[in-house]
Amino acid sequence: MTDTADRIEVGSDVVAEVKDWLVDNWDPELTVADWWERLGTSGWAVPTWPSAWFGKDLSRDDGNRVQQAIADFGALPAPGGLGLMLAGPTIVVHGDNDQKARYLRDIVTGQRGWCQLFSEPGAGSDLAGLQCRAEKDGEEWVVTGQKVWTSGGHVADLGMLIARTDPDQPKHAGITYFVIDMRQPGLEVRPLREMTGRALFNEVFLSEARVRDDAMIGGLNNGWKVANTTLMFERTSLGAGGGSAGASLATAGTLAGDLERRAGDFVSSGGRKSGGGATLFGTSSKSLTKLAKANGKASEPAIRQKLMELHTFSELARFNNLRLKAAKAAGHDIPGLPNIAKLTMSHIVRQSRDLGLEIAGGYGMLHGYDTEQRKSLDEATGMPFLSGITEMALFAQGPPIYGGTDQVQRNIIGERVLGLPKEPGFDKNTPFKELPKNG
Ligand SMILES: Cc1cc2nc3c(=O)[nH]c(=O)nc-3n(C[C@H](O)[C@H](O)[C@H](O)COP(=O)(O)OP(=O)(O)OC[C@H]3O[C@@H](n4cnc5c(N)ncnc54)[C@H](O)[C@@H]3O)c2cc1C
């Protein structure tokens, strides 16, 4: 438990308070590890978490204000990645005190990187159909199966794993949620190269990999409930733009190699990690407008209209987020809005892809596959974010799929919000082992 995270007085000005703290504590000469140690144990890395567990009990609104204040100040934000976004909040909700003590400190200080071992070749939208199995062996579990699409698996120390622990139960009931050590003999991570040139995700093969019994989160065969908590945090974060305002450009964990680097190197280059490539959302309506003005396309009525359409959708998404936040702050909910937010995000990404390529013209057929190529392409064409545009174009197929596909979001809105009849299903009460399997 932290003894340095103090509870904030109700009504105090959190922005002023975090700024005072930053004046006393931010030092660009620190290593990333030392800076995150200070930030994480102070309670400012995730101020919305409980004060007993490295937070300050702040509301989400105040938490966002703190994130923005840290970014405005020019300090390195809290560790990004799936530890802080998904694993930490899930453990806060479902973990016991020993587990909170074991995992949360390393999450807020970025000492460990995390990945999410949910999807399998035969279980994506139908996640509860997963076949990876865990069998008890003394004080441990032995895990065998395959996961796929594992973002950041190649730099993760720990994984959020869901595995089948009781095939005699119906498919949603016999699943358990574990924290698995990603660096062990029975676990192989194979990167998947994408058409962008990057390899952000992986296949993970588990052949009698081991998990400690006390690394089970939320109890035996209760994994579906715990996984849904993780997915809820994922959707909320994606609908809000992936937490980009507060996202750190340094990567958490022992394998990425950022912990020993100078913290100041990650904040000095105007939103880009030194030596890094274009960011996916570097192609906003503002930057596309700038580019269209620079290459004369802004005078074309069709382009102007599409720029306005993109801007309008982006603003609608922002207002919807604010509506949801305001409703939540008042203790209400707006059913379906997180799903709509996710659909809107997918739509904006596709719009940005099409418009970006239209503005780039023939240059849009050129793509840089590594940092050097991206840099020289931007320079040779005189288009400052050409590599951002082509990367957006090639990655645009991703957002409509991850975090629950667009079709699944529409199903949820139809069935749970509009009250339309559910898809017929025979698999809810049948033991998993009796169900026909994919593949
Ligand atoms: C960039 C990226 C990163 C990802 N990162 C991770 C990660 O870190 N960890 C992880 O576990 N997973 C990750 N995923 C996996 C992602 O969650 C799955 O791809 C997603 O759930 C879809 O599953 P699937 O690919 O098996 O497609 P399927 O479920 O096989 O779907 C195929 C098609 O059928 C449609 N479909 C399926 N069921 C229905 C239905 N009932 N009604 C209507 N249409 C339907 C889908 O919409 C889709 O178009 C990632 C995916 C991407 C693209």
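Refer to the structure above for everything that follows.
Note that the structure is a prediction, hence the values are computed from the model and not measured.

Conventions adopted
- Residues numbered from 1 in each chain as written.
- Predicted model: local features only at pLDDT ≥ 70, side-chain atom pairs only at ≥ 80, totals over all residues.
- Heavy atoms only, no water.
- 1 Å grid on protein atoms, 1.4 Å probe; cavity = no way out; pocket = protein on both sides within 12 Å on 5 of 7 lines; lining within 4 Å.
- Points joined across faces, edges and corners; volume = space filled by probe spheres on them.
- Helix = DSSP H or I, 4+ residues; strand = E, 2+ residues; numbered from the N terminus.
- Nonpolar A, V, L, I, M, F, W, Y, C, P; charged D, E, K, R; others polar.
- Axes fitted to C-alpha atoms, helices over the stretch in contact; angles between N-to-C directions.
- Parallel < 35°, antiparallel > 145°, perpendicular 65-115°, else oblique.
- Left-handed = near helix turned anticlockwise from the far one by under 90°.
- Contact = heavy atoms within 4.5 Å.
- Patch = residues over 30% accessible without salt bridge, like charges linked within 9 Å, V, L, I, M, F, W, Y side chains within 5 Å.
- Areas by Shrake-Rupley, 256 points an atom, 1.4 Å probe, with all protein chains shown as cover.
- Salt bridge = Lys/Arg side-chain N within 4 Å of Asp/Glu carboxyl O.

Asker: Describe in detail the layout of surface pockets, supporting the description with residues and values.
Answerer: Empty space within the second largest pocket amounts to approximately 280 Å³. Taken together, 15 residues form the lining of the second largest pocket, with Tyr-103, Leu-158, Val-179, Asp-181 and Arg-212 sitting closest to its centre. At the level of elements, helix H5 (97–108), strand E5 (175–181) and strand E7 (201–212) are the ones that each hand at least two residues to the lining of the second largest pocket. Split by residue class, the lining of the second largest pocket holds seven nonpolar, one polar and seven charged.

Asker: Before we move on, can you summarise the packing of helix H7 (residues 285–294) against helix H9 (residues 337–360) with the specific residues and values?
Answerer: The contact between H7 and H9 brings their axes to 10 Å, and the two run at 15°. Between H7 and H9, the angle is such that the two are roughly parallel. For the element pair H7 and H9, the recorded crossing hand is left-handed. Across the interface between the two elements, Leu-288, Leu-291 and Ala-292 from H7 touch Ser-352, Leu-355, Gly-356 and Ile-359 from H9.

Asker: Could you give an account of a nonpolar patch on the surface, naming the residues involved and the relevant values?
Answerer: A cluster of nonpolar side chains, contributed by Val-417, Leu-418 and Leu-420, occupies part of the molecular surface with about 270 Å² of accessible area. Mapped onto the secondary structure, Val-417 falls in helix H12 (residues 406–417).

Asker: Describe empty space enclosed by the protein, listing the residues and the values that go with them.
Answerer: A probe matching the size of a water molecule, rolled over the atoms, marks out where space remains unfilled. Tallied over the entire structure, the rule returns one cavity of 30 Å³ or more. Considering only enclosed or pocket space, the largest cavity measures out at about 30 Å³ in volume. Lining the largest cavity are Asn-320, Asn-321, Leu-324, Leu-337, Pro-338 and Ala-341. Secondary-structure elements contributing two or more residues to the lining of the largest cavity are helix H8 (301–329) and H9. In the lining of the largest cavity, the residues fall into four nonpolar, two polar and no charged.

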